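Per-entry structural report
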Protein chains: 2
Amino acid sequence: MVSGGLDSCVTAALACAEGFELAFLHVDYGQRTSKREKQAFNNIADHYQVRNRLIANAKHFKKIGGSALTDTSIPMPPADLNRHNIPSSYVPFRNANLLSIATSWAELLGAVRIYIGAVEEDSSGYPDCRHSFFKAFNNVIKEGTRPETSLQIVTPLIQLNKTDIVKKGTALQAPLHLTWSCYAEEELACGKCDSCLLRIRGFQNAGIPDPIPYQKN
Amino acid sequence: MVSGGLDSCVTAALACAEGFELAFLHVDYGQRTSKREKQAFNNIADHYQVRNRLIANAKHFKKIGGSALTDTSIPMPPADLNRHNIPSSYVPFRNANLLSIATSWAELLGAVRIYIGAVEEDSSGYPDCRHSFFKAFNNVIKEGTRPETSLQIVTPLIQLNKTDIVKKGTALQAPLHLTWSCYAEEELACGKCDSCLLRIRGFQNAGIPDPIPYQKN
């Protein structure tokens, strides 16, 4: 599962390093930066020479609304990396929708693993980013697919923080310069939203320069 | 969740009889008869005076393919009500995709129940129609939604057969004349596909006339 962000890029690098043949799935759920994310998705797929690509639409999230990520009438939450509540960018049950699409495709492909770059500690408090959620979803896959299907979600970044992820990606020569993290802009990353701030802090703490440019304030 | 078929209509009748305020969700996943199903959905919603309606698109199933229900190049399986294998009309992990959409919407609405008319015994061997699947999915909902969300899937028909369902629907004065069950046609029900045969047999065994017309062979 490749959004086109830092975490999914490093996750793809890990799956590749473990010797799996890769298939890339991107889900367009009507998020603000979907066009730019698709470009990042395709650039990372080109880098890893992935032919099996699927871009799925889940635009019902736009109809459902309720999140600043899919509804431009809701302001993006002010950046706050120490928050304890669920921010307005939370898209309800998003990861279950994404994993359901992935499982349907994976079952058709005969795949054995679904890699997803979810991060628990760093996840801004979204309930569907927790380890317990993925564990429960693996059980749904077991119960809801063909008996011969042997498919598992793996979350190799779940216990890491952004600094570890930047270091790991750099060690694996993941194409971090091709990734897109910003929630707000599509030309130059804003450098101000939660997602940009997490990324910038990760690179800083890792002592590695962030290879993408940012808006000048 | 209202496909527009017999089972979802009786399920809606049950939810209404239990005193819940209804919201109707239909998912268009590119199935052959989607236009006719939407008409049935809206007719049943009109009958119950439901204002809160959502028609979601999950057309990635068409891209994923692999099922006779969404890929017209795959022939519909010949009718066989005694089969033990999974027929070619199986859409991989379909119900998880449907329930994920339903959960996202339900969380936004603040709903407390998701009613789905799944039937285990009568379900043509689809793995995602089993009681154990729904039980596992309830656990995913618990793990993947806001702490204040209190939402449960209920499957009131899961242990019934088609005969029981026809009887129950008739007793509840469900508008069975507005439902659409055929997998193959959109004008007049074919009377030959698995879904039509199950329905016809259900009405026959219940001793109740099926209120919809069929193609003459």
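Conventions adopted
- Residues numbered from 1 in each chain as written.
- Chains lettered and ligands numbered in written order.
- Predicted model: local features only at pLDDT ≥ 70, side-chain atom pairs only at ≥ 80, totals over all residues.
- Helix = DSSP H or I, 4+ residues; strand = E, 2+ residues; numbered from the N terminus.
- Buried ≥ 20, exposed ≤ 12 C-beta atoms within 10 Å, placed from the backbone.
- Contact = placed C-beta atoms within 7 Å.
- Nonpolar A, V, L, I, M, F, W, Y, C, P; charged D, E, K, R; others polar.
- Least-squares fit on C-alpha atoms with pLDDT ≥ 70 in both.
- Core = buried A, V, L, I, M, F, W, Y, C linked by C-beta atoms within 7 Å.
- Expected span 1.5 Å × (residues − 1).
- Arc of directions from axis to C-beta.
- Pairing = 2+ DSSP bridges.
- Axes fitted to C-alpha atoms, helices over the stretch in contact; angles between N-to-C directions.
- Parallel < 35°, antiparallel > 145°, perpendicular 65-115°, else oblique.
- Left-handed = near helix turned anticlockwise from the far one by under 90°.
- pLDDT = per-residue confidence, 0-100.
- Right-handed = clockwise from strand over helix to strand, strands pointing away.

1. A look at the overall build of chain A
Per the secondary structure count, chain A includes seven helices and four strands. Reading the secondary structure of chain A in the N-to-C direction produces α-β-α-β-α-α-β-α-β-α-α. Expressed as a percentage of its 217 residues, the buried residues of chain A come to 47%.

2. Comments concerning the interface of chain B and chain A
Counting from both sides, the interface comprises 36 residues of chain B and, opposite them, 36 residues of chain A. Every element with two or more residues in the side of chain B that touches chain A is listed here: strand S2 (53–57), helix H3 (60–64), helix H4 (94–109) and helix H5 (131–144) of chain B. With 10 residues, H4 of chain B is the largest single contributor of residues to the side of chain B that touches chain A. For the side of chain B that touches chain A, the residue count by class is 16 nonpolar, 13 polar and seven charged.

3. What about the relation of the copies chain B and chain A?
Once chain B is rotated about the relating axis by 180° and shifted along it by 0.0 Å, it coincides with chain A to within an RMSD of 0.0 Å. The superposition of one copy onto the other is thereby described by a two-fold rotation axis. When the interface residues of chain B are mapped onto chain A, 100% of them again fall at the interface, so both copies present the same face.

4. Remarks on the nonpolar core
Residues Phe 137 of chain A together with Phe 137 of chain B are the most contacted members of the largest nonpolar core, which totals 119 residues. If sequence neighbours within four positions are ignored, Phe 137 of chain A has contacts with Ala 96, Leu 99 and Ile 153 of chain A together with Val 140 of chain B.

5. Let's talk about helix H5 (residues 131–144) of chain A
An ideal rise of 1.5 Å per residue puts 20 Å on 14 residues; H5 of chain A measures up with 20 Å between its terminal C-alpha atoms. Listing the buried residues of H5 of chain A in full gives Phe 133, Phe 134, Ala 136, Phe 137, Val 140, Ile 141 and Gly 144 of chain A. Seen along its axis, H5 of chain A keeps its buried residues to an arc of 160°; they face one direction. Where H5 of chain A is buried, its residues meet helix H4 (94–109) and strand S4 (152–154) of chain A together with H4 and H5 of chain B.

6. Side note on unusual backbone geometry
Residues and elements named next belong to chain B. A positive phi angle is found at Gln 49, which is not glycine, with a value near 50°. Along the chain, the position of Gln 49 falls in the loop between helix H2 (34–47) and S2. The exposure class of Gln 49 is exposed, given the 8 C-beta atoms found within 10 Å. For Phe 93, which is not glycine, the phi dihedral falls at a positive 60°. Among the secondary structure elements, Phe 93 is positioned in the loop between H3 and H4. Assessed through the 31 C-beta atoms surrounding it within 10 Å, Phe 93 is described here as buried.

7. Quick look at the pairing of S2 of chain B
Bridge analysis of strand S1 (residues 24–28) of chain B against S2 of chain B gives five bridges, and the strand direction is parallel. Of the residues in S2 of chain B, the one forming a bridge with Leu 25 of chain B is Leu 54 of chain B.

8. Let's talk about the packing of H5 of chain A against H5 of chain B
Packing of H5 of chain A against H5 of chain B leaves a shortest axis separation of 8 Å and a crossing angle of 165°. One finds that H5 of chain A runs roughly antiparallel with respect to H5 of chain B. Considering only the axes of H5 of chain A and H5 of chain B, their crossing is left-handed. Residue-level inspection shows Ser 132, Phe 133, Ala 136, Phe 137, Asn 139, Val 140, Glu 143 and Gly 144 of chain A of H5 of chain A in contact with H5 of chain B, the latter providing Ser 132, Phe 133, Ala 136, Phe 137, Asn 139, Val 140, Glu 143 and Gly 144 of chain B. Looking at the contact of H5 of chain A with H5 of chain B residue by residue, the class counts come to eight nonpolar, six polar and two charged.

9. Focus: the confidence of the model for chain A
Per-residue pLDDT for chain A averages 90, and the proportion of residues at 70 or more is 88%. The ipTM assigned to the predicted complex is 0.86, against a pTM of 0.89.

10. Here's the deal with the pairing of strand S1 (residues 24–28) of chain A
Buried residues dominate S1 of chain A, accounting for four of its five residues. Where the polypeptide runs from S1 of chain A across helix H2 (residues 34–47) of chain A and back to strand S2 (residues 53–57) of chain A, its parallel neighbour, the crossover connection is right-handed.

11. Observations concerning the environment of Glu 187 of chain B
Residues and elements named next belong to chain B. Mapping Glu 187 onto the fold places it in the loop between helix H6 (162–171) and helix H7 (194–206). A count of 9 C-beta atoms within 10 Å places Glu 187 in the exposed class. Each C-alpha atom of the pair Glu 187 and Arg 36 lies 7.9 Å from the other, and the pair is 151 residues apart in sequence.

12. With respect to the packing of H6 of chain B against H7 of chain B
Residue and element names in this part refer to chain B. Two elements in contact, H6 and H7, have axes whose closest approach is 8 Å; the angle formed by their N-to-C orientations is 65°. It follows from the interaxial angle that H6 and H7 lie roughly perpendicular. Handedness of the crossing formed by H6 with H7: right-handed. Residue-level inspection shows Lys 162, Thr 163, Ile 165, Val 166 and Lys 167 of H6 in contact with H7, the latter providing Leu 198, Arg 199, Arg 201, Gly 202, Phe 203, Asn 205 and Ala 206. Along the lines of polarity and charge, the residues of the contact of H6 with H7 split into five nonpolar, three polar and four charged.

13. A short note on the environment of Ser 8 of chain B
All names here are of chain B. By secondary structure assignment, the location of Ser 8 is in helix H1 (residues 6–17). A residue is classified by how many C-beta atoms lie within 10 Å of it, and Ser 8, with 25 of them, is buried. Apart from the residues lying within four places of it in its own chain, the contact partners of Ser 8 are Met 1, Val 2, Ser 3 and Gly 117.

14. Considerations on the environment of Leu 98 of chain B
Residues and elements named next belong to chain B. Looking at where Leu 98 falls in the secondary structure, it is placed in helix H4. Taking the C-alpha atoms as reference, Leu 98 lies 9.2 Å from Ala 56; in sequence the two are 42 residues apart. Aside from chain neighbours lying at most four places away, what touches Leu 98 is Met 1 and Val 27.

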